[in-house]
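Reading the structure
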Amino acid sequence: MPEQATAKIPVTVLTGYLGAGKTTLLNRILTEPHGQKFAVIVNEFGEIGIDNDLVVGADEEIFEMNNGCICCTVRGDLVRIIDGLMRRKGRFDAIIVETTGLADPAPVAQTFFMDDAVGAKAKLDAVVTVADAKWLKDRLRDAPEAKNQIAFADVILINKTDLVGTDDLREVEMRIRAINPYAKLHRTERCQVPLPEVLGRNAFDLDRILDIEPEFLVADGDGHDHDHDHEHDGHDHAHAHDHGHPHHGLKHYHDEDMQSLSLRTDKPLDPDKFFPWVQDLVAKEGPSILRAKGILAFKDDPDRFVFQGVHMILDGDHQRPWSADEKRESRIVFIGRKLPEEMIRKGFGSCAI
Amino acid sequence: MSDTRDAPSVIERTRPVAAGAAVVGAHFLKRVPAFILGEEAVLVAPEGAAERRVGLHDGGILASAGDGARLVTGGDDGKVVTLDTVGKGSVVAQDAKLRWIDHVAIGPDGAVAWSAGKNVFARTGKGEPRSVEMPSTPGGLAFAPKGVRLAIAHYNGASLWFPKTAAAPERLEWKGSHLSVSFSPDGKFLVTSMQEPVLHGWRLADRKHMRMSGYSAKVRSLDWSADGKWLASAGSEQVIVWPFQSKDGPMGKSPRMLAPYPARAVIVSCHPKEPVVAAGYADGLLLLVRIEDGAEILAKKPGAAPVTALGWRADGAALAFGTEDGEAGVIDLS
């Protein structure tokens, strides 16, 4: 991948089912005194009343790529619009893409990896999903789009928390965690969240693939130490609300349809086995794998290898040497629909030496 | 291949122009070079006189086309504007919903076409513009060399539209997203660049498909040699030139791969008379390349930014260029 010397414009993708509060969050981002200028890409048939200089209407055109891969789709309108916006470089510091409630985030994300011109000038920062605390449970039952948006997210706002009771709220969180244990979760009313929690996340930056530890809930009764402030430099957590809750012994939720799968091994991996295996896996199971991330320790390799994936697209690189006090351990996570767990476990296991 | 070329050079024949902003198009209005800036204005730069900024848009300029007698631009302010040889701008159209004007094209007999969203408009002569709605947002527009016929590239193919008639556009099918589109100078072939790094072509007589692949990136620029025998294209670390001498076009033939270089060719523009192509690279290098034998002339050294605009004067005796970081100039080749 050719690297541009100039800084790439970060792009935040806002998703969320109809009425969850995407536009509220968007207007909050635009009106807070942060000194940043945004270009905003909205669905042209969507809500109006966005207070910003640079607003572009998009039409969510999803184009299949002619590479024999049914899940390799890009948003043709984004390719065109981002190309056009780059002519006004200097007028904005970041781009926000607001999708419709029914949109699949994958084509948006894939656009940044599949289109060389877009990828050279802009970079995906994070997928932020706004969920309605009151209605999300129902949508997870009847709207596959809503589930996709939760599964794909790097940051999830459980919004309108004032409309539900504490137990209901915890149940919503559990259902979200059953699908996506890796996203940063925030409880909000009217999308009130500190902006650094939704902007500048670098969630797709290979150098920042650190957050592949699940965010445990306080009350899942597994005796885990739930101090969220211990790990990962540079993250200030806004999880104060999670602390100090009594342990209710809430039941563990499992989503029949969408799961995450986390694998680890402290045996070194054989790159000559791992790469063919993972490429074959995403070639066959790509349509059902929404996101993948990994930190890998290869045999005779002093460097950490990090990778991420969206459906069939994999992006990986050597990151930095393993430090002396670091455990040389390989971890890999998948979020997807009806993942063939046994097959993936066996395949990954056979890559270890 | 190293960055230092021992090819002959025309650098000393360059008249620099201080564009001061990204240059997204370069054209000539008769003998006067005009540089389309990324935002708002066209910079008209006559020789021996002061440069003049002509404001055309209230925002970014997304597309431009020129035929030597006038140029037309489309902006993110929803305006389509023409500029004539006396430097007078006039608004051809203003999109009612202020949508972006994504593409413009200029045709024979004063015809002008543009697109906004899925709607394509064409104004032929003095009348009201005609319009047609496409099933997806067009990736590019091009007039046929003769007659008033417009090719529209879009998702899953291209369409041929006669804007003077009421007939629905004729559809040429090929799966995938088609971007820029171009007729061969004899009007026999239509070629599109695609979202994938390939070109697709149709022989219009029988709709036979042509697939031209092997590029390392999306092909963002292509152009025909004046005699129509060659199609030059960017999108690789060399200039790819497809032979179109025979009635089958390039099928079964290998392209010429000229001017190999470590950086990618990003823009090409063919000389209006000779089989010579000007090729701009991602690192700012500009070469003139003779198609016949691949002989190279250095026209601009690598700089800080890619070459983003090239335009020949109609007699081929001058070439205007511009880059993404505002470097611009006119090379005298007389």
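So, here's what we can say about the structure. Small disclaimer: the values here were computed from a predicted structure and weren't measured.

Reading the values: the criteria
- Residues numbered from 1 in each chain as written.
- Chains lettered and ligands numbered in written order.
- Predicted model: local features only at pLDDT ≥ 70, side-chain atom pairs only at ≥ 80, totals over all residues.
- Heavy atoms only, no water.
- Helix = DSSP H or I, 4+ residues; strand = E, 2+ residues; numbered from the N terminus.
- Rg over C-alpha atoms; globule rule 2.2 N^0.38 Å.
- Buried < 20%, exposed > 50% of the residue type's maximum accessible area, 1.4 Å probe, protein only.
- Lys, Arg positive; Asp, Glu negative; His and termini not counted.
- Charge placed at Lys NZ, Arg CZ, Asp CG, Glu CD.
- Contact = heavy atoms within 4.5 Å.
- Areas by Shrake-Rupley, 256 points an atom, 1.4 Å probe, with all protein chains shown as cover.
- Expected span 1.5 Å × (residues − 1).
- Pairing = 2+ DSSP bridges.
- Axes fitted to C-alpha atoms, helices over the stretch in contact; angles between N-to-C directions.
- Buried area = accessible area lost by both parts, 1.4 Å probe.
- Salt bridge = Lys/Arg side-chain N within 4 Å of Asp/Glu carboxyl O.
- Polar contact = N/O pair within 3.5 Å; in protein donor to acceptor, adjacent residues only side chain to side chain.
- Nonpolar A, V, L, I, M, F, W, Y, C, P; charged D, E, K, R; others polar.
- Core = buried A, V, L, I, M, F, W, Y, C linked by side-chain atoms within 4.5 Å.
- Phe/Tyr/Trp six-rings, centres within 6.5 Å; stacked < 30°, edge-to-face > 60°.
- Lys NZ or Arg CZ within 6 Å of the ring centre and 35° of its normal.

1. Re the overall build of chain B
Scanning chain B from terminus to terminus reveals zero helices and 29 strands. Taking 334 residues into account, the globule formula puts the C-alpha radius of gyration at 20 Å, and chain B, at 19 Å, falls close to it. Summarising its shape, the C-alpha atoms of chain B cover approximately 55 × 50 × 30 Å along the three principal directions. For chain B, buried positions account for 58% of its 334 residues. Of the side-chain charges in chain B, 38 are positive and 36 negative, and the distance between the mean point of each set is 6 Å.

2. A closer look at the overall build of chain A
Across its full length, chain A carries nine helices and 14 strands. The proportion of buried residues among the 353 residues of chain A is 57%. Across chain A, the fraction of contacts at a sequence separation of at least 24, relative to all contacts at a separation of at least 6, is 75%. If you sum the accessible surface of chain A, you get close to 15200 Å²; carbon and sulfur atoms cover 50% of it.

3. A word on helix α7 (residues 166-179) of chain A
The α-helix advances 3.6 residues per turn, and as a result positions three or four apart in sequence lie on the same side. Residue and element names in this part refer to chain A. For α7, built from 14 residues, the straight-helix expectation of 20 Å at 1.5 Å per residue is met to within 8% by its first-to-last C-alpha distance of 20 Å. In terms of residue burial, α7 counts as a mostly covered element, since 10 of its 14 residues are buried. Each element contacted by the buried residues of α7 is listed here: α5 (136-142), α6 (144-152), β8 (155-159), β9 (184-187), β10 (258-265) and β14 (330-337).

4. Considering the sheet that holds strand β20 (residues 230-236) of chain B
Pairing between sheet strands relies on hydrogen bonds along the backbone, with the strands arranged either parallel or antiparallel. Residue and element names in this part refer to chain B. Strand order in the open sheet made by the four strands is β19-β20-β21-β22, with antiparallel pairing throughout. Strands with a single pairing partner mark the edges of an open sheet, and in this sheet they are β19 (222-224) and β22 (256-258). Within the sheet, the average angular offset between the axes of one strand and its neighbour, ignoring direction, is 25°. Here β20 pairs with strand β21 (residues 238-243) via five bridges, running antiparallel. The residue bridging L231 from the neighbouring strand is W242, located in β21.

5. Re the interface of chain A and chain B
On the chain B side, the residues contacting the 24 residues of chain A number 29 residues. Interface area for chain A against chain B, summed over the two sides, is near 2200 Å², with a carbon-plus-sulfur share of 44%. Where chain A touches chain B, the interface holds 10 salt bridges. Put simply, chain A and chain B have 14 residue pairs in polar contact (both at pLDDT 80 or more) between them. Among the secondary structure elements, those contributing two or more residues to the side of chain A that touches chain B are β4 (62-64), α2 (76-85) and α4 (116-121) of chain A. Considering each element in turn, the side of chain A that touches chain B owes the most residues, six residues, to α2 of chain A. A breakdown of the residues in the side of chain A that touches chain B according to their chemical character gives nine nonpolar, two polar and 13 charged.

6. Some points on the nonpolar core
One finds I41, L85, I95 and I156 of chain A to be the most contacted residues of the largest nonpolar core, which totals 53 residues. Apart from the residues lying within four places of it in its own chain, the contact partners of L85 of chain A are A39, I41, L54, V56, F92 and I95 of chain A together with W100 of chain B.

7. Quick notes on the sheet that holds strand β17 (residues 198-203) of chain B
All names here are of chain B. Spatially, the six strands line up as an open sheet ordered β13-β14-β15-β16-β17-β18, and their pairing is antiparallel. Each end of this open sheet is capped by a strand with a single partner; those strands are β13 (140-143) and β18 (208-213). Taking the axes of each pair of neighbouring strands and ignoring which way they run, one obtains an average angle of 45° across the sheet. As defined by bridge partners, strand β14 (residues 150-161) adjoins strand β15 (residues 170-183) across five bridges and the pair is classed as antiparallel. Residue pairing in the sheet places S159 in a bridge with R171 of β15.

8. Here we look at the pairing of strand β6 (residues 70-75) of chain B
Residue and element names in this part refer to chain B. Most of β6 sits out of view: six of its six residues are buried. Burial along β6 is two-sided: the face carrying R70, V72 and G74 and the face carrying L71, T73 and G75 are both buried. When strand β5 (residues 52-66) meets β6, the two strands line up antiparallel, connected through five bridges. Paired with A63 across the two strands is G74, which belongs to β6. Where β6 lies against strand β7 (residues 79-84), five bridges are found, and the strand directions are antiparallel. Counted as the bridge partner of R70 is D84 from β7.

9. Considerations on the pairing of strand β13 (residues 313-321) of chain A
Residue and element names in this part refer to chain A. The pairing of strand β12 (residues 303-310) with β13 spans seven bridges and is antiparallel. Opposite V310, over in β13, you have I313 as the bridge partner. Connecting β12 to the antiparallel partner β13 that follows it, the hairpin turn spans two residues, and H311 within it adopts a positive phi of roughly 50°.

10. A few points about the packing of aromatic side chains
Residues and elements named next belong to chain A. All told, the structure shown has 14 aromatic pairs over all chains when counted by the stated rule. Measuring from ring centre to ring centre gives 5.3 Å for F275 and F305, while their planes differ by 80°; the resulting arrangement is edge-to-face. Remark: F305 occurs in strand β12 and F275 occurs in helix α8 (residues 271-285); sequence separation between them is 30 residues. Ring-pair connections join several aromatic residues into one group, and the members of that group are F274, F275, W277, F298, F305, F307 and F348. Seen from the ring of F152, R291 lies directly overhead, with NZ or CZ sitting 5.1 Å from the centre. Over the aromatic face of W322 sits the side chain of R304, whose NZ or CZ is 5.3 Å from the ring centroid.

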